[in-house]
Amino acid sequence: MPVKKRHPKLEDYSHTLRLLVKNKLALVGMVITIIYFIIAMLDVVYPRYLGVSSTNSLLAFGIPVSVTPVGPSFSHGFAGLLGYTEMYSLQFPLLPISLAAIKFDMGYSLFIVMIGAGIGTLVGAIAGFKGGYIDEILMRVTDVFFSVPFLILALAFIFLLGRYIIMAVYALLIIWWPIYARLARGQALYIKSMKFVEAATASGASSARNIFSHVLPNVLSPIFVQISLDLGTIMQLFAVLFFLGVISDPYFPELGNIINQGQNWLGAGLWWPVIIPGIFILLFTISINLLGDGLRDVLDPKLRR
Amino acid sequence: MELRYFIIRRLLLLIPTLFGLILLIFFLLRMFPDTYLVARYINPKSSVPVSVQIEQAKAALGLNYPIFIQYFFYIKALFTGSWGTMSTSIYTGPVLSGIELYFPATLQLAIFATILSIIIAIPLGTYIGARPNSIADQTGRVFSLTFYAMPIFLLALLLQLVFGKNVIVGNPLGVLPIAGKFSFNAIGAIPPPWFNASTGLTSPTHLPLLDALIHGDWALAYSSFIYLILPVVTLTLSLLAGILRFIRAGMVDSANQEYVKTARSKGVPESLVIKRHIRKNALIPTITVLGLLFASLLGGVVVVEEVFGYYGMGMLSLSAITNVAIYGVLGTTFVFGITLMAANLIVDIAYAFIDPRIRY
């Protein structure tokens, strides 16, 4: 009986996955990232798992008591496991609000990175493949974007668009495509000079066909590495924007927002309002970096075995 | 080609980037509706009808000209120093003088952090990169990954928690002040003439440490040095982590090259192989990312200024945003852009110095 052969592309993916799993650190990063995804999705599938029905505002978690927030302990049930924080004279249990914040942090950073990568890759691939003045214009535009520090540019665009969450997302989208455009352009220039593209052009392939079936698939692996590294960066940037108080939504479940309010307690020697949400950010950014480094090692044709 | 020509060419390339930057700032300005820009010139109590006032203000601001003519007007305004005025909680007056007051503090933090992290990163990276997978290497990797991934505000708050004076009662490490530029006790009852009590700034450089040294005030110099430690350490740790990652990767990468094997087989001492053959080549990819790292450092400066209350241009920019001062936001963004451009210029020149192949 003939062995059922799998599609070669599928075989390639499973080989990549096997290599990734072999790398211990990358495996740890992948597992933690997946746990974060599950936490984020859990809220969508079963919204009441945190004990409140609406998690779009932190107000649902608020408890009106006027005592100093208590620290992490086992005596307050699941909600009080990691202690309490106080914002605007309401107390909030840190574990549920951090879990609720993960959904928004992950969702928005994933959205920004994916859309930014999509637009940037397409623009960069077209510019690199077409060359000429399109390429020249693109390079000058990206130069301008790279001439201002990311955070400052994001602040300026948020100021222009309005200090709301969705505007922060748009602002980050505006500044986050050029990095992919450059990456894709460089890769497209390299692929353009390859023999198989020449052969395709000689046999009558249009440039659209060349871009979609030859350039884009070959651009993808460095883009994936960049995406996985950028997820952490964007999450940090997003948290920083909230931390600086630029976004005016005091009860939005966001880790930077929670830390911003929690730092008022630092002077009183309470560490948990800052450190607990901080650990949630840090764990994610570290694991996504580990995953990204692992992906780079696996996808790099020079290192791949 | 000679290095000289490379530098001249690189300087000329600054011009289009500068005009691109101005175009971006101009774009941000013109995206606001005309009424937004005109509003401050309207006096509803005046006897002149409001519609006439609007027309006058539009004519004064040049809003009636075609957009590209306005761009040239804007360039002229930028180069002649009329950057508009701002009115915020920390500073009120012309934007350019505000930047002159607060920019030195920002530059000081950035430069101290950059110099310190380069001084530490090169020997440390050499040591770690020459011993891949040793205990030192693993420790270094954990360190650099953690601080690279940590949001800078978290690092700043963590350092405040551990080293801040009076933050945790009975903490033996808590000796450093957590907010401000210097202790007002160091100023004394009668402030010196070079200290402006209303802005809290010193002249002529507006940097307390440097000014105190210039005027020979040792107590203030010591105080401002102590206050500088935590902000600079925060920035240094985050920049150091980034640089260390790249030096280590570069060292491991170039250690496998053929020329290293050649050098070893012809009997070059190991320390020289590491210094001349491995490290020199490992620095090249590190320098290319230094520009990007500096961009994130400048973002970090804003956060550090906010957390440590170290008033600089980042705070000026934030206060302009919260107080809706358009020209303040644009001016600070422009200066941050110029700073990054200058940093990239220095990086490129350093690159040409280190890598003899870069001459075009």
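Because the structure is predicted, anything quoted here is derived from the model rather than measured. (Residues numbered from 1 in each chain as written. Chains lettered and ligands numbered in written order. Predicted model: local features only at pLDDT ≥ 70, side-chain atom pairs only at ≥ 80, totals over all residues. Heavy atoms only, no water.)

## A closer look at empty space enclosed by the protein
Residue and element names in this part refer to chain B. Which entries qualify depends on this criterion: The way it works is a 1 Å grid over only the protein atoms, where trapped points that fit a 1.4 Å probe form a cavity and open points with protein on both sides within 12 Å along at least five of seven lines form a pocket, and then any residue with an atom within 4 Å of a point lines it. Grid points are joined across faces, edges and corners, and a volume is the space filled by probe spheres set on the points. Numbering of helices and strands starts at the N terminus; helices are DSSP runs of H or I of at least 4 residues and strands are runs of E of at least 2.
Scanning the entire structure with this criterion turns up one cavity of 30 Å³ or more. One number sums up the size of the largest cavity: a volume of about 50 Å³. As for the largest cavity, its lining consists of Ile25, Tyr74, Leu78, Trp83, Tyr327, Leu330, Gly331 and Phe334. Counting residues per element, the lining of the largest cavity draws most heavily on helix α13 (residues 326-354), which supplies four residues.

## What about the interface of chain A and chain B?
Our working definition: In what follows, residue pairs with any heavy atoms lying within 4.5 Å of each other are defined as contacts. When two parts are brought into contact, each loses some accessible area as probed by a 1.4 Å sphere; the total of that loss over both is the buried area. Every case where a carboxyl oxygen of Asp or Glu lies within 4 Å of a side-chain nitrogen of Lys or Arg is listed as a salt bridge.
Across the contact, 40 residues belong to chain A and 46 residues belong to chain B. Across the interface of chain A and chain B, roughly 3700 Å² is buried in total on both sides, 82% from carbon and sulfur atoms. Taken together, the connections running from chain A to chain B amount to one salt bridge. Of the charged contacts, one joins Arg245 of chain B and Asp293 of chain A as a salt bridge, the two residues approaching to 3.4 Å between their closest N and O atoms.

## Side note on the domain arrangement of chain B
Residue and element names in this part refer to chain B. As a reminder of what qualifies: For the purposes of this description, domain bounds are those given by an automatic or database domain assignment. Any residue outside Ala, Val, Leu, Ile, Met, Phe, Trp, Tyr, Cys, Pro, Asp, Glu, Lys and Arg is labelled polar, Gly included; the first ten of those are nonpolar and the last four are charged.
Domain boundaries assigned for chain B yield domain 1 (23-82) and domain 2 (94-359). A separation of 39 Å is found between the C-alpha centroids of domain 1 and domain 2. Contacts between the two partners involve 10 residues from domain 1, matched on the other side by seven residues from domain 2. Taking both partners together, domain 1 and domain 2 bury about 790 Å²; carbon and sulfur atoms supply 84% of that area. Put simply, domain 1 and domain 2 have zero salt bridges between them. It is helix α1 (residues 3-30) that provides the largest number of residues to the side of domain 1 that touches domain 2, a total of three residues. Here the residues of the side of domain 1 that touches domain 2 sort into nine nonpolar, one polar and no charged.

## Let's talk about the environment of Ile134 of chain A
Following the sequence through the fold, Ile134 of chain A ends up in helix α4 (residues 132-146). Taking the C-alpha atoms as reference points, Ile134 of chain A and Gly124 of chain A, 10 residues apart in sequence, are found 9.9 Å from one another.

## Quick notes on the pattern of salt bridges
Residues and elements named next belong to chain A. A complete count under the given rule lists 11 salt bridges over all chains for this structure. The partner of Asp143 in a salt bridge is Arg140, and the shortest N-O contact between them spans 3.1 Å. On the criterion of helical spacing, the pair formed by Asp143 and Arg140 is a turn pair, its members being three residues apart in helix α4. A network of salt bridges, in which partner residues are shared, links Glu136, Arg140, Asp143 and Arg182.

## With respect to the nonpolar core
Selection rule: To define a nonpolar core, start from buried Ala, Val, Leu, Ile, Met, Phe, Trp, Tyr and Cys residues and group those joined through side-chain atoms within 4.5 Å. A simple rule labels every residue: compare its accessible area, found with a 1.4 Å probe on the protein chains alone, to the largest value its type can have, and call it buried under 20%, exposed over 50%, or partly exposed in between.
Membership of the largest hydrophobic core comes to 216 residues, with the highest contact counts inside it found for Leu151, Trp176 and Leu244 of chain A together with Phe153 and Val303 of chain B. Residue contributions to this core peak at 20 residues, all from helix α11 (residues 270-308) of chain B. For this core, the two domains that each supply at least three residues are domain 1 (23-82) and domain 2 (94-359) of chain B. If near-sequence neighbours (up to four positions away) are discounted, Leu151 of chain A is found in contact with Leu237, Val240, Leu241 and Leu244 of chain A together with Gly299, Val302 and Val303 of chain B.

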